[in-house]
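What the coordinates show
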Amino acid sequence: MENNPEFLFRAAHHLAKSESMRGKKPTHRIPRAKIIQIHDQQHSYEKHCQSTVPLEMITSLIYKPCTQPLSSLQRISLTDLVIEIVHRGKYLLLRTIIQPKKIVEIKTIVEDPEGNVEVFELYNQNPDRSHKDVIPNDSIIILKEPYYKISPGGGTALRCDHPTDLIFLDTNDILVQTINWKTETPKIHKIQTAAEYKTLGNDCFKQGKFYEAIKAYSDGISSLGTSDPEISVLKLNRSQTYLKVHHFEAALNDSFYGLESYDEALVQIKKLLETDPGNVDGKKELTSIMTRIEEKEKGIYNFDQMLKEAKKSSTPRLDYASYVGPVQLTEIAERGRGLVLTEDVRKGQLILCTKAFAITYPTECSEVHFNAEVKLVETGDHVVNTARAINKLQNNPSLSSSFFQLYAGQHRIGETSSTIISETIDSFWVSDICSMNTFDVSQDESSINENAAGLFLLPSFINHVCCENVIRSYIGDMMIVRAAYDLAQGTELFLTYAGILLPYEERTKALEKHKFICNCTLCNLDRAETVTIREKRRLLLDKYQQEYRFLMLQENFHNPTKAIGEMLKMMTDIENTYKESGRERYRFGLIEPLLALGKMYGDTNDTENAFKSYKKLLEIHEFGLSTNTGLVSPFLYQGIIGLLRLYYRTSQIDKAQHLLKLLCQSLVVTPTGDDRIFVEENRKDLARLFGV
């Protein structure tokens, strides 16, 4: 999207127009009937184009949430609003007059007590909740310190980016009843009995309308004349419903499991079984809690089962505990905070196994966001994941202290989050944290789950070098971090934020938003070369990716001599760029061509050159020099498997067994970091291929 000049032009044009209108009032207001008609027509057009046109969202103003109590704010009407201004110290009393629509934002029409109408846009709402349930028609709301904006289409609208700026009122609220509404006075709802509220809540629960069920149970609890037994039943029902929407803290005793407080959950479930020993669900819960405790304390997981469960869904969110191994968060000179080992670890040892704080899969998003103020393009998974994180923080305030420790960009250094001061959540701060810390969660090639965006709290503190000393892998929404080498106590852990096979310029670009220059061995070797040499190599690698990567392998079936000759020339040209600079290490540009050559030679029974290609590939990775060396790339495992096939094909069983031993000793995990070398699927594959 960064290369889409039309989108960037529209965003820049919108920013300029917004600036030109700042501080002004609209020249005319659209009548009620007309604004509703435009709303319906616009939504129909956008819905029609949804499958063919990328959904776009432009943010022209970054502003802080309201931190003041409602009692300190002054009510204003829609006619008092001025464009591109956040009206500090003010609030609007509004009600919705139409069913909401949703393409990117949730959009509806609101009116104030004076009968004025305006478009209202809500962002960062719970993406797992229907927009019709978020703000139904006839909702009565308070919008604290409203932001009034120019829409990309040219009209005006209220925009709410911070969910904590929005307050929903019941029609029985005294504030609603003491205001004279020009169009129609809101009707007072009939007060139901506790039993009626329980029935209403149960019906909503059965229909999957969990938020409506929570409201019904809450109304029943607060209703007059409710007896203690009735309150207990309503609270139990509400607690179970809170768990359905991950509102763990509000679920009281039942919340312990969701917040990974398994010891407290164990106490509660044992109390339940003492009073009801035959409770089947309670016994199952006890087994689950004991398993979670073992995972959390010892890092013992059934990865076979984890993988099977992840493959059952295209959006897996698994029920496993997080494990934190021998690491501590430490201040690191010139790098801020980082994770440091508190004891020696061996190669392949599990260091972390953590559940995503928030994760969004490709099927759950589609829009593109342009932040015009900081000139940053973000994909839809970032937008949705930000909303998920905000919703989780709203439901579970105790998580805020650890969440807002994460790096949010240099412009946030020295600031204090509004969440620390009050119960408000700064959505833009959350967005910055997600932007700086989200991991690209890629699954195994055989998986249906690819390229999710996941935010993992503790792993986000691991600093960057291109050649990392730990390896991360993913199964569903679980990140698994293992030692890539034997590491001593006091060693800082490092992950790469950019793939090591990328050219220097592309790695540097990927690190731009983090505002630091990488000084690892690979980057220093790249910088030691001339720009001319690096550019020559980059052009060759681009040509390989675009023309040779698949074409030559296909051509090998029709004209193997020509195909191998051209692939060999390509590899030689890339190799010469390293020779020109006298570079002996980290010649990663040769990896893919060598892997292709090994396969092409093998397919034509030229085993001698196939052996040379695969061995050279392993040499570049420094594989087998000792049990504690070996660089990790996504192609190392493929090279080893190719070489193993050749050894078995040529009856060199001893060499094959030796290579398999090295694989177990030196690789430990697969080169992409996946734990599939440990799981049943991979063991069966090795057994089928090599009888091990």
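Above this text sits the structure in question.
The following paragraphs examine the structure supplied in this document. Just so you know, the residues in each chain are numbered from 1, in the order the chain's sequence is written. With pLDDT at 70 or above as the cut-off, local features in this predicted model cover only qualifying residues; side-chain atom pairs require 80 or more to be listed or tallied, and sums for whole chains, interfaces and linings still use all residues. Think of the side-chain values as coming from all heavy atoms in the structure, minus any hydrogens and water.

Segments assigned H or I by DSSP are reported as helices when at least four residues long, segments assigned E as strands when at least two residues long, and all are numbered from the N terminus. If you tally the helices and strands in the protein chain, you get 25 helices and 24 strands. Buried, partly exposed and exposed residues are distinguished by accessible area as a fraction of the type maximum, computed with a 1.4 Å probe on protein chains only: under 20%, between the cut-offs, and over 50%, respectively. Burial status across the protein chain gives 51% buried among its 692 residues. Partitioning the intrachain contacts of the protein chain with sequence separation of at least 6 by distance along the chain shows that 67% fall at a separation of at least 24. Computed with a 1.4 Å probe, the accessible areas rest on the Shrake-Rupley method; for each residue, only the protein chains presented here act as cover. When the accessible surface of the protein chain is split by element, carbon and sulfur atoms take 53% of a total near 32,900 Å². Contact criterion: two residues are considered in contact whenever any of their non-hydrogen atoms come within 4.5 Å of each other.

This part takes up the environment of isoleucine 433. Along the chain, isoleucine 433 falls in helix α15 (residues 427-437). According to the relative accessible area criterion, isoleucine 433 is buried, its value standing at 0%. For isoleucine 433 and leucine 455, which are 22 residues apart along the polypeptide, the C-alpha to C-alpha distance reads 9.0 Å. Not counting residues within four places of it along the chain, the set of residues in contact with isoleucine 433 comprises Phe403, Phe404, Leu406, Tyr407, Ala408 and Leu455.

With that settled, consider the nonpolar core. We define the nonpolar core as a collection of buried residues of types Ala, Val, Leu, Ile, Met, Phe, Trp, Tyr and Cys that are connected through side-chain atoms lying within 4.5 Å of one another. Phe357, Phe403, Val430 and Leu493 are the most contacted members of the largest nonpolar core, which has 97 residues in total. Top element by residues in this core is helix α23 (residues 636-649). It accounts for eight residues. Sequence-distant contacts of valine 430, that is, excluding residues within four places in its chain, are made with Thr386, Ala389, Ile390, Leu393, Phe403, Phe404 and Ile425.

Attention now goes to empty space enclosed by the protein. With a 1 Å grid spanning the protein atoms alone, the term cavity applies to any set of points in which a 1.4 Å probe fits but cannot get out, the term pocket to an open set with protein on both sides within 12 Å along at least five of seven lines, and the term lining residue to any residue with an atom within 4 Å of a point. Grid points are joined across faces, edges and corners, and a volume is the space filled by probe spheres set on the points. All chains considered together, the criterion is met by four cavities of 30 Å³ or more. The space that makes up the largest cavity amounts to roughly 170 Å³. Residue lining of the largest cavity: 18 residues in total, with Leu502, Pro503, Tyr504, Arg537 and Tyr578 positioned closest to the centre. Looking at the lining of the largest cavity, the elements with two or more residues in it are α16 (504-510), α17 (521-528) and α18 (531-548). No other element matches the four residues that α18 contributes to the lining of the largest cavity. By residue class, the composition of the lining of the largest cavity is 10 nonpolar, one polar and seven charged. Each residue gets one of three labels, nonpolar for Ala, Val, Leu, Ile, Met, Phe, Trp, Tyr, Cys and Pro, charged for Asp, Glu, Lys and Arg, and polar for the others, Gly among them.

Okay, the packing of aromatic side chains next. Aromatic pairs are defined between Phe, Tyr and Trp rings, using the six-membered ring for Trp, whenever the two ring centres lie within 6.5 Å; interplanar angles under 30 degrees are classed as stacked, those over 60 as edge-to-face, and all others as tilted. A full pass over the atoms with the stated rule returns 12 aromatic pairs. Ring centres of phenylalanine 205 and phenylalanine 210 lie 5.3 Å apart, and the angle between their planes is 70 degrees; this geometry places the pair in the edge-to-face category. Residue classification places phenylalanine 205 among the partly exposed residues on the basis of a relative accessible area of 29%. Exposure remark for phenylalanine 210: the relative accessible area of 21% places this residue in the partly exposed category. Ring centres of phenylalanine 403 and phenylalanine 404 lie 5.1 Å apart, and the angle between their planes is 80 degrees; on these two criteria the pair is classed as edge-to-face. The exposure class assigned to phenylalanine 403 is buried, which follows from its relative accessible area of 0%.

A few words now on the packing of helix α20 (residues 560-581) against helix α21 (residues 591-603). To obtain an axis, a line is fitted to C-alpha atoms, over the contacting stretch when the element is a helix, and the angle between two such axes runs from 0 to 180 degrees between their N-to-C directions. Remark: α20 packs on α21, axes separated minimally by 10 Å, with the N-to-C direction vectors making an angle of 155 degrees. One element, α20, and the other, α21, form an angle in the roughly antiparallel class. At the point where α20 passes α21, the crossing takes the left-handed sense. Here Ala563, Ile564, Met567, Leu568, Met571 and Ile574 of α20 come into contact with α21, specifically with Pro593, Leu594, Ala596, Leu597, Met600 and Tyr601. When the residues that make up the contact of α20 with α21 are grouped by side-chain class, the tally is 12 nonpolar, no polar and no charged. Oblique is the label for any angle not covered by the other classes, which are roughly parallel (under 35 degrees), roughly antiparallel (over 145) and roughly perpendicular (65 to 115). In this scheme the handedness of a crossing depends on how the near helix is turned from the far one: anticlockwise by less than a right angle means left-handed, clockwise means right-handed.

A few words on the sheet that holds strand β20 (residues 452-455). Two strands make a pair as long as DSSP finds a minimum of two bridges between them. Taken together, three strands build an open sheet; the order of strands is β16-β20-β19 and the sheet is antiparallel. Strand pairing shows two members of the sheet lacking a second neighbour, β16 (358-360) and β19 (439-441), which therefore form its edges. Ignoring strand direction, the axes of neighbouring strands in this sheet form an average angle of 25 degrees. The sheet contact formed by β16 and β20 spans three bridges and is antiparallel. Within the sheet, the bridge partner assigned to threonine 360 lies in β20 and is alanine 453.

One non-glycine residue, glutamate 622, lies in positive phi territory at about 55 degrees. Among the secondary structure elements, glutamate 622 is positioned in the loop between α22 (607-620) and α23. Taking the relative accessible area as the measure of exposure, glutamate 622 reaches 16% and is therefore buried. Located in the positive-phi region is serine 651, a residue other than glycine, with phi close to 60 degrees. Of the residues examined, serine 651 reaches a relative accessible area of 59% and is grouped as exposed.

Throughout this description, the term salt bridge denotes a Lys or Arg side-chain nitrogen within 4 Å of a carboxyl oxygen of Asp or Glu. Counted by the stated rule, this structure contains 33 salt bridges. Between aspartate 526 and arginine 507 there is a salt bridge, with its nearest N and O atoms 2.7 Å apart. Here aspartate 526 is found in helix α17, whereas its partner arginine 507 is found in helix α16, with 19 residues between them in sequence. Here lysine 616 and glutamate 575 are joined by a salt bridge, their closest N and O atoms 2.7 Å apart. Residue lysine 616 is found in helix α22, and its partner glutamate 575 is found in helix α20; the two are separated by 41 residues along the sequence.

This part is about the packing of α18 against α20. Where α18 contacts α20, the axes come no closer than 9 Å and their chain directions differ by 160 degrees. On the basis of the axis angle, α18 is roughly antiparallel to α20. As for how α18 packs across α20, the hand of that crossing is left-handed. Residue-level inspection shows Ile533, Lys536, Arg537, Leu540, Leu541, Lys543, Tyr544 and Tyr548 of α18 in contact with α20, the latter providing Glu566, Met567, Met570, Asp573, Ile574, Thr577, Tyr578, Glu580 and Ser581. The class makeup of the residues in the contact of α18 with α20 is nine nonpolar, two polar and six charged.

For methionine 436, the position within the fold is in helix α15. Separated by 75 residues in the primary sequence, methionine 436 and leucine 511 have C-alpha atoms spaced 10.0 Å apart. Not counting the four nearest positions on each side in its chain, methionine 436 is found in contact with Tyr407, Ala408, Gly409, Lys513 and His514.

Another aspect to go through is the sheet that holds strand β22 (residues 470-475). Neighbouring strands of a sheet are bound in pairs by backbone hydrogen bonds; such pairs are parallel or else antiparallel. With respect to topology, four strands assemble into an open sheet ordered β12-β15-β23-β22, the strand pairing being antiparallel. Of all strands in the sheet, those bounded by a partner on one side alone are β12 (323-324) and β22. Note that strand β15 (residues 350-355) and strand β23 (residues 478-483) share five bridges and pair antiparallel. Within the sheet, the bridge partner assigned to threonine 354 lies in β23 and is methionine 479.

Its 18 residues give α18 an end-to-end C-alpha distance of 24 Å, which sits within 8% of 26 Å, the value for a rise of 1.5 Å per residue. Within α18 the residues assigned to the buried category are Ile533, Arg534, Arg537, Leu540, Leu541, Tyr544 and Tyr548. An end-on view of α18 places all buried positions within 125 degrees of arc, on one side of the element. Turned more than 90 degrees away from the buried face of α18, the exposed residues are Val531, Thr532 and Gln546. Here, expected helix span is obtained from the residue count minus one, scaled by 1.5 Å. Comment: arc refers to directions from the helix axis out to C-beta atoms.

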